[in-house]
Amino acid sequence: MRVVGIEGTAWCASAAVFDSERDAVSIESEAYEPESGGIHPREAAEHMREAIPRVVAAALETAEGPIDAVAFARGPGIGPCLRIVGSAARALAQSLDVPLVGVNHMVAHLEIGRHRSGFESPVCLNASGANAHVLGYHNGRYRVLGETMDTGVGNALDKFTRHVGWSHPGGPKVEEHAERGDYVEFPYVVKGMDFSFSGIMSAAKDAYDDGTPVADVCCGLQETVFAMLTEVAERALSLTGRDELVLGGGVGQNARLREMLAAMCEQRGAEFYAPEARFLRDNAGMIAVLGAKMYGAGDTLDVAASAVDPDFRPDEVPVTWRDDAEDVLLAGAGAPTDVRGAEAVVDVGAETVTKTRRPKAYRHDALDARLRRERTTHEARLLSEARRAGVPTPVVFDVDVPGSTLELERVGEADLRDALSERRVAAVAEHLAALHDAGFVHGDPTTRNARVTRSGTRDERAGRHDPRAARHAQQRDADGPEASRGERAGADATREPRDGGRVYLIDFGLGYYTDDAEDYAMDLHVFEGAIRGTADDPEPLLAAAEAAYREAGDPGVLEQLREIEGRGRYQ
Ligand SMILES: C[C@@H](O)[C@H](NC(=O)OP(=O)(O)OC[C@H]1O[C@@H](n2cnc3c(N)ncnc32)[C@H](O)[C@@H]1O)C(=O)O
Ligand SMILES: Nc1ncnc2c1ncn2[C@@H]1O[C@H](COP(=O)(O)OP(=O)(O)OP(=O)(O)O)[C@@H](O)[C@H]1O
Ligand SMILES: [Fe+2]
C-alpha cells in the first residue's frame, strides 16, 4: 500500500509517500522561517499556499507505483494553514480518485514512534512547539495523562529567545548555548502529571535582564524544563504500569532531553525510543504512516465531512487501527511496580512503610538535591496538617531529611486505582475540600495516592472512626451497593464495605500552602485526570467526585476547574 501524507499545521510545508510493503518513507519539506518575531499566521499560510504544491509534486515523483490514499493533518494547528492543507489534500484525493484520510497531528507524533520502535503499547511524551503532553492508550483512545497548563514547551523556549533577540526557532539556540553554561535555579512546577512553564519563563527573562550570562540561563532552563517533562513521563509510566516510552515532537531533537529520558528509563528498567530527527520535527512522513494505518482500518473521510479542526485534541480520536488485544489496562492492577512509586522507593512492612527519595540520575545534582529535600520536608509537614484537618493520613514516625527518608504508618489495604468506586472517589473529593479549607493543596491526588480499606479493618478494630466520612457514607448508601473493579475481579483486598470504608490520602510531597482557588482547582483537575486515565467508565466517578466536592467545599473552585479545562492550548 502507498499513501501520500500532507502536513502544514504551522511552519513546515511537507509531503511524503509511505510505502508499507517496503516500510519506506520519503519526505519533502520546506520550512517557513519568519524574518522577525515568532510565527505569523498569515505569513505561515502564505508559505503553505506556495510550498505545498511544490512538496506534493516532489513527493509524488518518489512514488514507485499507484497511490492508494491521501492523508492530511486535520489539526491541531493554525487555522489558515490547516485550511490550505485541507484544500490541497481534497483536490489531490479527487484527482487521483482515492480516499481521503484525516489525521490528528499529535497522534501522528506518537504513532511514528510506536511504528518505528515496534513497541506494543508505549507511553508517549510529545514535546513539540505548541504542545507538551503525555499520552497513554486505553480502551480505544489515547488519553491525555498530563499536559502543560499554559504554552507548549517549544513555544516557551522560543519566547525566551525572542526576548533575548535571537531569531525563530529558538530551541536549537538554547541547546547550543546551554552547552557552555552553568546551571542556575528556576521555579520547578509539576502538579500531578500536569505542569506549567509561565513562571519559569518569566524568571528566565528576569535573570537575563539582571545580567545572568545567557548561557547559564539556557542551561538552567533546559535542566529545569526537561527535568519536569522527564518526571511526568516517569509518573505516567508508574501510573500505567508500562515499561516503554516513546518521544515525539520537535523539541525531541534536543540531545539533553533525550539523554534525560534515556537515563530515567534505564534507572527504572523501561525501554526508551526516540525516532530520528526527520520524524521528530513536524513532517509529513508521520502523517503518511498513520494515514496508512487508518486507511487499512477503513477509517476514511467523506469530503463533505473533512473540515479542519485547529483545536483537535488527541483524546478525541477514535483509535480504529489498533487491535483490542493490544489494550493494556492503564489501571495495571497487580503490576509489579506496585510499591515502586514514580519518585521514591517504598518499602512496605507489616506496620510501617519506609519511603526513600533516591537520587535521580537524569536530574542536575543541585536540582535533584533541592527537590528531594523540599519534598521530604513538605510531605512530613502536610501529612500532619492534613490529619489535623480531619483527613485520614499515615502517622509520620520519623523524618530523615539528609537521607530523604520518611518512616510512615502503613495504611489501607489497596490503592484506590485498584478499587475504584463512586463512594471512594467522593471521599477523596471531600478530603481535598478539607485540605483546601485548611489552606493547602495535596499537589498530586492520583488514584495511587489514596488508599482504601474494607469494613471491619484494623482501623475500626482499633476504635478509630471518622464521623465525617461515616456521615457522608450514610447519605450515599441510598445509591445502593455497587460493584468495584476488585469485586468484579473477585479480589478480596479491594472489596468495598457497605459504608464505603475509610479512604486515606498519602504522598503529600507536591503539596504546598496556597489561598488561590486556581491551585485548588488544579488539585481536582489532577484527580479527575487520574480517574480518566484509570477507569473503564470514568463519567459516573467524575460526577460523584464533583457532587461530593460541591457539597463539602467551595463550589467556586468547580467553576475555576471548568475554566482551566476550557483553556485553549493551541494558540
Ligand atoms: C501543532 C503543530 O503545528 C506543532 N508543531 C510544532 O510545534 O513543530 P515541531 O517541529 O513539533 O516543534 C518545533 C519546536 O521545536 C523546537 N526545537 C527544535 N529543535 C530544538 C532543539 N534542538 N532543542 C529544543 N527545542 C527545539 C523549536 O524551537 C520549536 O519551538 C505541534 O506539534 O505542537
Ligand atoms: N503509608 C502507606 N501505607 C500503605 N501503602 C503505602 C503507604 N505509602 C505508600 N504506600 C504504597 O506505595 C506506593 C507508592 O507510594 P508513594 O505514592 O508515597 O510514592 P511515590 O514514589 O511518591 O509515588 P508517585 O510519585 O507515583 O505517586 C503507593 O501507591 C502505595 O501503594
Ligand atoms: Fe508537531
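Here the residue index of a chain counts from 1 through its sequence in written order. As a convention, the first chain written is A and the first ligand written is 1, with the rest following in written order. Predicted model: local features are reported for residues with pLDDT of at least 70 only, side-chain atom pairs are reported and counted for 80 or more only, and whole-chain, interface and lining totals are derived from all residues. Hydrogens and water molecules were not included; the side-chain quantities draw on all heavy atoms of the structure.

On to the site of ligand 2, then. Put simply, a residue is near a molecule or strand once any heavy atom of it comes within 4 Å of that molecule or strand. Surrounding ligand 2, one finds 21 residues, the nearest of these being A344, K355, D415, N449 and D507. The backbone of A344 places a nitrogen or oxygen atom 2.8 Å from an oxygen atom of ligand 2. For the purposes of these results, a polar contact is taken to be a pair of N or O atoms within 3.5 Å, where, inside protein, one atom must be able to donate a hydrogen and its partner to accept one; residues adjacent in sequence count only when each atom of the pair is a side-chain atom. Note that an oxygen atom of ligand 2 is positioned 2.7 Å from one of the side-chain N or O atoms of D415. In short, Shrake-Rupley with a 1.4 Å probe defines the accessible areas, and a residue's cover is counted only from the protein chains shown. Coverage of ligand 2 by the protein chains reaches 97% of its 610 Å² of free accessible surface. Of all the secondary-structure elements, those providing two or more residues to the shell around ligand 2 are α7 (214-240) and β14 (352-356). In DSSP terms, a helix is any run of H or I states spanning at least four residues, a strand is any run of E spanning at least two, and both are numbered starting from the N terminus.

Attention shifts here to the pairing of strand β15 (residues 396-400). With four bridges joining them, β15 and strand β16 (residues 405-409) adopt antiparallel strand pairing. Within the sheet, the bridge partner assigned to V396 lies in β16 and is L408. Adjacent in sequence and paired antiparallel, β15 and β16 are bridged by four residues, among which S404 carries a positive phi angle near 50°. A pair of strands is labelled paired if DSSP reports no fewer than 2 bridges between them.

Sites may look incomplete because water is not among the atoms; the donors themselves are N, O and S atoms within 2.8 Å of the metal, or within 3.2 Å for Na, K and Ca. Coordination of the iron ion (ligand 3) by the protein comes from H105 (NE2), H109 (NE2) and D282 (OD), over a distance range of 2.0 to 2.2 Å. Every geometry call rests on angle ranges, with four donors termed tetrahedral when all angles are between 85 and 135 degrees, four termed square planar and six termed octahedral when opposite donors are over 155 degrees apart and all others are between 65 and 115, and everything else termed irregular. With four donor atoms in place around the iron ion (ligand 3) and angles of 88 to 148° between them, the coordination shape is irregular. All donors of the iron ion (ligand 3) come from a single chain, and their spacing in sequence reads H-x3-H-x172-D. You can see H105 sitting in helix α3 (residues 105-117) and its partner D282 sitting in the loop between α9 (277-280) and α10 (284-296), a full 177 residues away along the chain. Burial here depends on accessible area, computed with a 1.4 Å probe over protein chains only, as a share of the maximum for the residue type. Under 20% is buried, over 50% is exposed, and the range in between is partly exposed. Among the residues examined, D282 registers a relative accessible area of 10% and is labelled buried.

Taken together, 27 residues sit near ligand 1, with T9, G129, N131, D158 and D282 positioned nearest. A distance of 2.7 Å separates an oxygen atom of ligand 1 from a polar atom in the backbone of G129. At a separation of 2.9 Å, an oxygen atom of ligand 1 approaches a polar backbone atom of G250. Out of a free accessible area of 680 Å², ligand 1 has 94% covered by protein chains. If you list the elements that add at least two residues to the shell around ligand 1, you get α3, α4 (153-164) and α5 (171-178). Three categories are distinguished: nonpolar for Ala, Val, Leu, Ile, Met, Phe, Trp, Tyr, Cys and Pro, charged for Asp, Glu, Lys and Arg, and polar for the others, with Gly belonging to the last. Looking at the shell around ligand 1 residue by residue, the classes come out as nine nonpolar, 14 polar and four charged. An automatic or database domain assignment supplies the start and end points of every domain. Inspection of the shell around ligand 1 shows a minimum of three residues originating in each of domain 1 (2-114 + 279-322) and domain 2 (118-277).

Next up on the list: the sheet that holds strand β17 (residues 414-415). The pairing of strands in a sheet happens through backbone hydrogen bonds and is either parallel or antiparallel. Pairing is antiparallel in the open sheet, where three strands are placed in the order β17-β19-β20. Edge positions in the sheet fall to β17 and β20 (503-505), since each of these pairs with one other strand and no more. Relative to β20, strand β19 (residues 450-452) runs antiparallel, the two being bridged by three bridges. Of the residues in β20, the one forming a bridge with R451 is Y504. Contact definition: two residues touch when any of their heavy atoms are within 4.5 Å. Here an axis means a line fitted to C-alpha atoms, over the contact stretch when the element is a helix, while the angle between two N-to-C directions is reported on a 0 to 180 degree scale. Running over the sheet, helix α12 (residues 422-437) touches β19 and β20 and is turned about 45° from β20.

Note on ring pairs: Phe, Tyr and Trp rings are taken, using the six-membered ring of Trp, and paired if centres are within 6.5 Å. Classes follow the plane angle, with under 30 degrees stacked, over 60 edge-to-face and the rest tilted. With the rule as written, the count across this model stands at five aromatic pairs. Their ring planes at 80° and their centres at 6.5 Å tell us that F119 and Y273 sit as a pair that is edge-to-face. Taken as a pair, F119 in the loop between α3 and β6 (123-127) and Y273 in strand β12 (residues 271-273) lie far apart in primary sequence, 154 residues in all.

The next subject is the nonpolar core. One finds F197, M201, L221 and L229 to be the most contacted residues of the largest nonpolar core, which totals 52 residues. Looking at this core, the element that brings in the most residues is α7, giving 14 residues. Not counting residues up to four positions away in its chain, the partners in contact with F197 are A132, T148, D150, T151, G152, V153, A156, V225, M228 and L229. In terms of nonpolar packing, the next biggest core, distinct from the first, is built from 47 residues, L383, L420, A426 and A450 among them. To qualify as a nonpolar core, a set must consist of buried Ala, Val, Leu, Ile, Met, Phe, Trp, Tyr and Cys residues joined through side-chain atoms within 4.5 Å.

With that settled, consider the sheet that holds strand β8 (residues 141-147). The sheet built from five strands is open, its strands ordered β8-β7-β6-β11-β12 with mixed pairing. Bordering the open sheet on either side are β8 and β12, each of which pairs with just one other strand. The mean angle between the axes of side-by-side strands here comes to 25°, regardless of whether they run parallel or antiparallel. Sheet strands in contact with α3 are β6, β7 (132-138), β8, β11 (244-248) and β12, and its direction is about 130° off that of β11.

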